[in-house]
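# Observations on the model geometry
Next come the chains, spelled out residue by residue.
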Amino acid sequence: MRFEEMTLVKLVKLVKERKVTSEELTKYFIARCEEKKKYNAVLEVFEDAIERAREMDKKIEQGFCGKLAGVPVIIKDNILFEGKKCTCASKFLEDYVAQYSSTVALKLLKEGAIIIARANMDEFAMGSSTENSAYGVTHNALDFERVPGGSSGGSASAVALGLAPLALGTDTGGSIRQPSAYNGIVGIKPTYGRVSRYGVVAFSSSIEQVGPMTKTAEDNAYALEVLAGKSDKDETSVDVEIDFLSDIEKPIAGIRIGLVSEVEDLLKGMESEKAYKSAIEALKAQGVEFVKVSMPSFKVALPCYYIIAPAEATSNLGRFDGIKYTKRQEGAKDINETYAKSRSAGFGKEVKRRIMLGNFVLSSGFFDAYYNKAKAVQQKLKDESKKIFEVCDAVLLPTTVGEAFKLGQITDPVSMYKEDYFTIPANIMGLPAISIPFEKGSAGMPLSVQIMGREFDEKTIYRIAHSIERR
Ligand code: GLN
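Right, let's walk through the structure included here. Quick caveat: nothing in here was measured; it's all calculated off a predicted structure.

Helix-helix packing: each pair is described by the crossing angle between the helix axes and the interaxial distance. Put simply, helix α2 (residues 22–35) and helix α3 (residues 49–61) touch, their axes get as near as 8 Å, and they point 160° apart. It follows that α2 is roughly antiparallel to α3 by the angle criterion. In this structure, the crossing between α2 and α3 has a hand that is right-handed. The residues of α3 that touch α2, namely those facing S22, E23, T26, K27 and I30, are A49, I50, A53, R54, M56 and D57. Tallied by class, residues from the contact of α2 with α3 come to five nonpolar, two polar and four charged.

In structure tokens form, the structure reads like this:
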């Protein structure tokens, strides 16, 4: 059987019916990781996974029926899994071994998943192409010469290459959705607070979320039901009903979808306009009602992000000092020099750029002009979105500006930042947004659209996504 072509839901069923054992599946996907090694999607395959799968088979035989029982899963390299390395694709954390497991890893394990590998990423999740990894770039699953997107490029490429039916990513400004789009898979950034961030290395704590990356919307909803929920260890996680699947098959006729005029202006002439337009046609054919809406601050979400995210990153990365658990540089004459030497050697270029930017916007004299202003813009965006959701149930957006670009093609940072034009607003507003492949662009690479929903209304966006997928 060609397990790499099967959906998560299908594989869960096969294991449950004992048509395949967890051990067989795990060996199969590990062999695939080996076979596709040149893509550099995973940084490490966990050798003990097969043993864990064997144990799982015994449990299944004794009646255990977790939602992911026996199925291989890959996690991004910024998610702690006890006893395993977690490097955030940084040289600085080269030898760091997780001392405990993140809530999301524990949730996967509780449902019987076999975590088989950790995926490559941009260092500390800063980037849009996975070219910022200290362990080499990841290649796009569909075109070896192209980037897989980022920062969860390893996770996206892994799912598209069939190295596992499910991978976890994190999304601070688009890092799940943009790579999902570039590799032709489905990825969601859940509502802020939907998933616990405990044990996930923090970049910009007030806007990021962990989310599933899968082949289909149904798989994605299935996986998010496992990951979601309040945890006592993350006070920003929220206790709201978890049900993403019960409406997924319902027709979408009558649903009101907003089309943002500022987005349509921005899109003119961009490659993604094509996917956006044909998505409108497809949704129209399914009886969706369109509402023209306005979000004047949409355009400034990007600059707002590049103040808030570096500011928080500066603070979050302060703990990496060469003393506690990052690699220390020897030969310094005092502790300050130890910090300076270690941090200079440990962090890559983009991370340093963000730290400098963050310190600048937080420094006295500039704090009001930058940080406080960005927070005010964030509030404005939230207010604008509230208005929109009074008249519609979801909003249609493109995911990216175009198809996956070539490795090495974008070299200046600001052009790279602009990659996230359409994904960042959902993070700034804390709203859920899912990316679904829709069309092919001029180079034959996938173009995707996004459905952004009301706070904690993942259920509706999954329903729309599923309907788009089946058209
Ligand atoms: N590309 C964006 C950045 O570099 C988003 C990254 C992310 O979502 N982690 O900050």
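Turning our eyes to something else, we now look at unusual backbone geometry. Geometrically, the link from G150 to S151 is a cis peptide bond, its omega value of 5° lying close to zero. One non-glycine residue, F124, adopts positive backbone phi at about 50°. Mapped onto the fold, F124 is located in the loop between β3 (114–119) and α5 (153–161).

Here the focus is the sheet that holds strand β4 (residues 166–171). Reading across the sheet, the eleven strands line up as β1-β3-β2-β4-β6-β5-β10-β11-β9-β7-β8 and stay open at both edges, with mixed pairing between neighbours. Of all strands in the sheet, those bounded by a partner on one side alone are β1 (42–45) and β8 (289–293). Pairwise comparison of adjacent strand axes, ignoring direction, gives a mean angle of 30° for this sheet. By the bridge criterion, two bridges tie strand β2 (residues 72–76) to β4 in an arrangement that is parallel. From the neighbouring strand, I74 faces β4, where its bridge partner is A167. Each of β1, β2 and β3 is contacted by α2, which is oriented at about 15° to β3, the strand it contacts most.

Bringing the nonpolar core into the picture now. Core analysis: the largest hydrophobic core is formed by 147 residues, its most contacted members being I74, L108, F124 and L396. Setting aside anything within four residues of it in sequence, one finds L108 in contact with L68, V73, I75, A113, I115, L166, L168, V226 and L227. The next biggest cluster of nonpolar side chains, apart from the first, holds seven residues, and it includes V147, Y182, A404 and M445.

As enumerated under the stated definition, the model contains 38 salt bridges in all. In this structure, E4 and R2 form a salt bridge, with 3.0 Å as the shortest nitrogen-oxygen distance. Between K380 and E384 there is a salt bridge whose closest N-O contact spans 3.4 Å. Of this pair, K380 and E384 both sit in helix α13 (residues 368–391), four residues apart, which is roughly one turn of the helix.

Going through the model one piece at a time under the given rule, you end up with 18 aromatic pairs. Taking 4.9 Å as the distance between ring centres and 85° as the angle between the ring planes, the aromatic pair formed by F3 and Y28 counts as edge-to-face. Taken together, the residues F3 in the segment before α1 (8–16) and Y28 in helix α2 connect sequence positions 25 residues apart. Among the residues examined, Y28 registers a relative accessible area of 25% and is labelled partly exposed. Plain terms: the ring middles of Y182 and F405 are 6.1 Å apart, the flat faces sit at 90° to each other, and that makes the pair edge-to-face. Here F405 lies in the loop between β9 (394–398) and α14 (413–417) and Y182 lies in helix α6 (residues 177–183), a separation of 223 residues in the sequence. Taking the relative accessible area as the measure of exposure, Y182 reaches 0% and is therefore buried.

The next subject is helix α9 (residues 273–285). Three or four residues apart is the spacing at which side chains of an α-helix point the same way, because the helix has 3.6 residues per turn. For α9, built from 13 residues, the straight-helix expectation of 18 Å at 1.5 Å per residue is met to within 8% by its first-to-last C-alpha distance of 19 Å. Every buried residue belonging to α9 is among E273, A275, Y276, S278, A279, I280, A282 and L283, and all of these are buried.

Here is what the cut-offs are and how they apply
Residues numbered from 1 in each chain as written. Predicted model: local features only at pLDDT ≥ 70, side-chain atom pairs only at ≥ 80, totals over all residues. Heavy atoms only, no water. Axes fitted to C-alpha atoms, helices over the stretch in contact; angles between N-to-C directions. Helix = DSSP H or I, 4+ residues; strand = E, 2+ residues; numbered from the N terminus. Parallel < 35°, antiparallel > 145°, perpendicular 65-115°, else oblique. Left-handed = near helix turned anticlockwise from the far one by under 90°. Contact = heavy atoms within 4.5 Å. Nonpolar A, V, L, I, M, F, W, Y, C, P; charged D, E, K, R; others polar. Pairing = 2+ DSSP bridges. Core = buried A, V, L, I, M, F, W, Y, C linked by side-chain atoms within 4.5 Å. Buried < 20%, exposed > 50% of the residue type's maximum accessible area, 1.4 Å probe, protein only. Salt bridge = Lys/Arg side-chain N within 4 Å of Asp/Glu carboxyl O. Phe/Tyr/Trp six-rings, centres within 6.5 Å; stacked < 30°, edge-to-face > 60°. Expected span 1.5 Å × (residues − 1).

The values reported here are purely geometric and, on their own, carry no functional implication.
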